[in-house]
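What follows is each chain in one-letter form.
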Amino acid sequence: MTGSPVRRLFIPLLASVVLVGWPLAAAAQGTGGPIRLSPPRPLVTTPQPTAPAEEAPAVAPQQLPNVPGVSVQGLDRVEGEAVGTLGPRQGGLGADLWAGADRALVERLLPQLPAQSQSRAVRDLTRRLLLTAATPPAGQGQQNFVALRAERLLAMGDTDAAAQLIGNTPPRQRDDALLTVGVQADLLRYDLNNVCAEVDNNPSVLSVFWQQATILCRVLEGDESGATLGLDLLREQGVNDPLYFGLIDTLITQAEAGEVAGGAATPLNLALLRAARAQIPATMLSGSSPAVLRAIALSPNAADEIRLQAGLAAHRVGALDDGAVRELLAAHVEAGDSELAAIAELILAAARETVPTAKAAALQRGLAAAEEAGVFPIFARLAGAAFEDLSPNADIAWAGPLAIRALLLSNNADAAVAWYRVVRSEGRFDPELAAAATDLWPLLRLAHAGRVPTALPEAAAPDDSTAARDTGRSISEASIAALGAADASSAGRTAVIEQLVTPAAAPATGPDNFPYDNRDLEAWLAGDSAAEPLALALLDAFGDPLPPTVWRSVAGADDTRQPVDATLWLTLQQAADSGARGETLLLALVMLGDGDLGQVSPLALHGAIDALQKVGLLAEARHLAVEAALAAGA
């Protein structure tokens, strides 16, 4: 390091006054005289342990694919923006991911990618889209393509992935936007050593955030005068963050941190709270981003109850993994006797149980209680592994319906099929299990859609020219006419279908070949759940033959779900038809948006699932469909 710390801080700040005309008049707070400071103490900073990065080198220059429309001009920029941490063997979407995409559209939509979706399918696809090592979209970019991707990863709470992506980026590609995202990620991981290294190496960054980070580093280095000068300049600019100023003063004076009533839950303030050994207040949970929630859940300076609340909220949007939330729940079980603790105790005890019937009973009681308490998805994912340990059989068939839903939420469709077969078989003797098998059939069908051709009556079989994915979209004209004239009630539809649809021959069995039988469709259509437009739209998106009367029975019904954006929907269809994989996925994810898939328009889900299939993402389309059906109450 060359030059004094004061000089390193003062020169860029003075330059900013000249370049952008920062106001120097005293703010309403007033600057007063110099703050009396006692000698600061050195602070030891230890970053949170993170899992080792998966080996996936960025695309090397000589490996860049020859994508039409990519000019050799600006090759350095193209190579720099092609970095990623996911290659084909790590789940990446291919070096030609962005072939055919429009750069301006991609730059406009990337900041709109969902960051708080409760769907693991949406989150996984978003993460793969952002981390794939691929040639960037053709065209002259107006924004740093890597910074746009890293910012979304950070917004999702995937701080480690954001830091790894930035670490793979060549120095020439690291502009102010990318540096800022990187420092925010390091603050959330409490890697203050790396924060201060970036601050010292990039003194020309002039944003208020960078000034605040610089002041923190001056304090940690024992540079009292540099920190004081920086604080004065912030106040002169009118920066208003009482928590930040108070915590900096606490660190400088080595005073004992008092109780914090509130304040902005920023990466800087979270790092300052930890450095000052101050407790994180409960007020910071409200409205916090997934990244902040994850940081609070992993922070040693938060009360156990606050950590658990933050952890559950972060887990709901995928920012905290199952293992971390399981540890938080285990600590809560030991410390409390709340309803949540009772549910967690059942699920955790089931994981340790070795007797199959006892394990199944504990899981069923725990998940039933979780469903009643409105936290079923969280505990179902934790219970998925325990259900995998059980071999489904007639003795524990009663646990099958919950096991199937838990396994599907854990994206283990094959294990769910094994349970479904037992439920269906035992349904011959148990009316409740028979009804459950009927209600669950669409979920299993969606989870295996496309693996086997849709079975149809011989008279309705399509000719050889029909595309495979459209197989089964039509029943014979006579059948349609009869169905159209039938009573719209369930009984009327069922009576006509029984007369006109010949059951398919028994298909092959096995978890990788889920049976499709028109009789299953008939039975489901005759039930009340067939009145749910979303479930119908999901089946239709995979080409299952739904008679026209079904749509007529739900047409015009009130639907409070989010309306679909027509421009996104139409652009998505064009992108999918042209085979632009990255653009298709980006449009689909933006259209689905944040929150609960059960509240997404059936038309949006239909369009997204259809588009994913067109660009070769069938397994991902299935996962999305199952999660949407479960979110809608299936």
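Residues numbered from 1 in each chain as written. Predicted model: local features only at pLDDT ≥ 70, side-chain atom pairs only at ≥ 80, totals over all residues. Heavy atoms only, no water.

### Concerning the overall build of the chain
- Scanning the chain from N- to C-terminus turns up 30 helices and zero strands.
- The buried share among the 634 residues of the chain stands at 53%.
- Here the analysis covers contacts within the chain between residues at least 6 apart in sequence; of these, 70% occur between residues at least 24 apart.
- Summed over all atoms, the accessible surface of the chain reaches about 27300 Å², with 53% contributed by carbon and sulfur. (Helix = DSSP H or I, 4+ residues; strand = E, 2+ residues; numbered from the N terminus. Buried < 20%, exposed > 50% of the residue type's maximum accessible area, 1.4 Å probe, protein only. Contact = heavy atoms within 4.5 Å. Areas by Shrake-Rupley, 256 points an atom, 1.4 Å probe, with all protein chains shown as cover.)

### A closer look at the nonpolar core
- Grouped together as the largest cluster of nonpolar side chains are 182 residues, with contacts concentrated most on Ile296, Leu367, Phe379, Phe387, Leu408 and Leu624.
- When neighbours within four sequence positions are excluded, Leu624 is seen to be in contact with Ser119, Ala121, Val122, Leu592, Leu597, Leu605, Ala608, Ile609 and Leu612. (Core = buried A, V, L, I, M, F, W, Y, C linked by side-chain atoms within 4.5 Å.)

### Describing the environment of Gln279
- Tracing the backbone shows Gln279 in the loop between helix H12 (267-275) and helix H13 (290-297).
- For Gln279, a relative accessible area of 45% puts it in the partly exposed group.
- As a C-alpha pair, Gln279 and Ala303 span 24 residues in sequence and 7.4 Å in three-dimensional space.
- With residues near it in sequence (within four places) discarded, Gln279 still touches Val260, Leu273, Asn301, Ala302 and Ala303.
- Looking at Gln279, its side chain comes within polar contact range of the main-chain nitrogen of Ala303, at 3.4 Å. (Polar contact = N/O pair within 3.5 Å; in protein donor to acceptor, adjacent residues only side chain to side chain.)

### Some thoughts on unusual backbone geometry
- At Tyr190, a position not held by glycine, the phi torsion is positive, near 60°.
- Structurally, Tyr190 is set in the loop between helix H7 (176-188) and helix H8 (192-201).
- Even without a glycine there, the phi angle at Gln254 is positive, about 60°.
- Among the secondary structure elements, Gln254 is positioned in the loop between helix H11 (242-253) and H12.

### Structural notes on the side chain of Thr180
- Looking at the secondary structure, you find Thr180 in helix H7.
- Among the residues examined, Thr180 registers a relative accessible area of 18% and is labelled buried.
- With near-sequence residues (within four places) excluded, Thr180 lies in contact with Phe209 and Trp210.

### Side note on the packing of helix H18 (residues 376-389) against helix H19 (residues 400-409)
- Running from amino to carboxyl end, H18 crosses H19 at an angle of 100°, the nearest separation of the two axes being 7 Å. Considering their axes alone, H18 and H19 lie roughly perpendicular with respect to each other. Across the interface between the two elements, Phe376, Pro377, Ala380, Arg381, Gly384, Phe387 and Glu388 of H18 pack against Leu402, Ala403, Arg405, Ala406, Leu407 and Leu409 of H19.
- A per-class count over the contact of H18 with H19 returns nine nonpolar, one polar and three charged. (Axes fitted to C-alpha atoms, helices over the stretch in contact; angles between N-to-C directions. Parallel < 35°, antiparallel > 145°, perpendicular 65-115°, else oblique. Nonpolar A, V, L, I, M, F, W, Y, C, P; charged D, E, K, R; others polar.)

### Concerning H11
- Helix length check: H11 (twelve residues) gives 16 Å between terminal C-alpha atoms against 16 Å at 1.5 Å per residue, within 8%.
- Restricting attention to buried positions, one finds in H11 the residues Leu243, Tyr244, Phe245, Leu247, Ile248, Thr250, Leu251 and Ile252.
- As for H11, its buried residues are in contact with helix H9 (208-220), helix H10 (224-236) and H12.
- In the segment just after H11, Gln254 is the residue with positive phi, at about 60°. (Expected span 1.5 Å × (residues − 1).)

### Brief notes about the pattern of salt bridges
- Scanning the entire structure with this criterion turns up 17 salt bridges.
- Between Arg103 and Glu107 there is a salt bridge, and its shortest N-O distance comes to 2.7 Å. Linking Arg103 with Glu107, this pair stays in helix H3 (residues 103-109), spanning four residues, or about one helical turn.
- Judged by its relative accessible area of 3%, Arg103 falls in the buried class.
- When its relative accessible area of 6% is taken as the criterion, Glu107 is described as buried.
- Across the pair Arg127 and Asp158 runs a salt bridge whose closest N-O atoms are separated by 2.6 Å. In this pair, Arg127 sits in helix H4 (residues 120-131) while Asp158 sits in the loop between helix H5 (145-155) and helix H6 (159-167), placing the two residues 31 residues apart along the sequence.
- Arg127 sits in the partly exposed class, given a relative accessible area of 31%.
- The class for Asp158 is buried, based on a relative accessible area of 12%. (Salt bridge = Lys/Arg side-chain N within 4 Å of Asp/Glu carboxyl O.)

### Considering the state of the cysteines
- Within the structure shown, the criterion is met by one disulfide.
- Each sulfur of the disulfide joining Cys196 and Cys217 lies 2.2 Å from the other. One disulfide, between Cys196 and Cys217, carries an S-S torsion of -95° and so falls in the left-handed class. Here Cys196, found in helix H8, pairs with Cys217, found in helix H9; they are 21 residues apart in sequence, far enough to count as distant. (Disulfide = S-S within 2.5 Å.)

### Some remarks on the side chain of His448
- Within the secondary structure, His448 sits in the loop between helix H21 (431-447) and helix H22 (477-485).
- Among the polar contacts made by the side chain of His448, one reaches the main-chain carbonyl oxygen of Leu444 at a distance of 3.1 Å.

### Regarding the packing of aromatic side chains
- Overall, the coordinates contain three aromatic pairs when judged by the stated rule.
- Ring centres 5.7 Å apart and planes at 75° place the aromatic pair Tyr244 and Phe245 in the edge-to-face group. In this pair, the class of Tyr244 matches that of Phe245, namely buried.
- Between the NZ or CZ atom of Arg405 and the centre of the ring of Phe376, over which it lies, the distance is 4.6 Å. (Phe/Tyr/Trp six-rings, centres within 6.5 Å; stacked < 30°, edge-to-face > 60°. Lys NZ or Arg CZ within 6 Å of the ring centre and 35° of its normal.)

### Some details on the environment of Glu198
- Note that Glu198 resides in helix H8.
- You can call Glu198 buried: its relative accessible area is 18%.
- Note: C-alpha distance between Glu198 and Val183 (15 residues apart in sequence) is 7.3 Å.
- Excluding residues within four positions of it along the chain, Glu198 makes contact with Arg174, Leu179, Val183 and Trp210.

### Here we look at helix H17 (residues 356-373)
- In this model H17 runs 26 Å from its N-terminal to its C-terminal C-alpha over 18 residues, within 8% of the 26 Å that 1.5 Å per residue would give.
- Buried within H17 we find Lys359, Ala360, Ala362, Leu363, Gly366, Leu367 and Ala370. Considered in projection along H17, the buried side chains sweep an arc of 165° and stay on one side of the axis.
- Of the surrounding secondary structure, the elements contacted by the buried residues of H17 are helix H16 (339-352), H18 and H19. (Arc of directions from axis to C-beta.)

### Topic: the packing of H13 against helix H14 (residues 304-316)
- Put simply, H13 and H14 touch, their axes get as near as 8 Å, and they point 140° apart. In terms of their interaxial angle, H13 and H14 are classed as oblique. Crossing handedness for the pair H13 and H14: left-handed. The segment H13 lies against H14, with Leu293, Arg294, Ile296 and Ala297 engaging Ile306, Arg307, Ala310, Gly311, Ala313 and Ala314.
- Taken together, the residues of the contact of H13 with H14 sort by class into seven nonpolar, one polar and two charged. (Left-handed = near helix turned anticlockwise from the far one by under 90°.)

### Thoughts on the confidence of the model for the chain
- Per-residue pLDDT for the chain has a mean of 78; in total, 76% of the residues score no lower than 70.
- Long-range and interchain partners of residues 1-75, a stretch whose pLDDT sits below 50, account for 122 contacts in this model, where long-range means more than four residues apart. (pLDDT = per-residue confidence, 0-100.)

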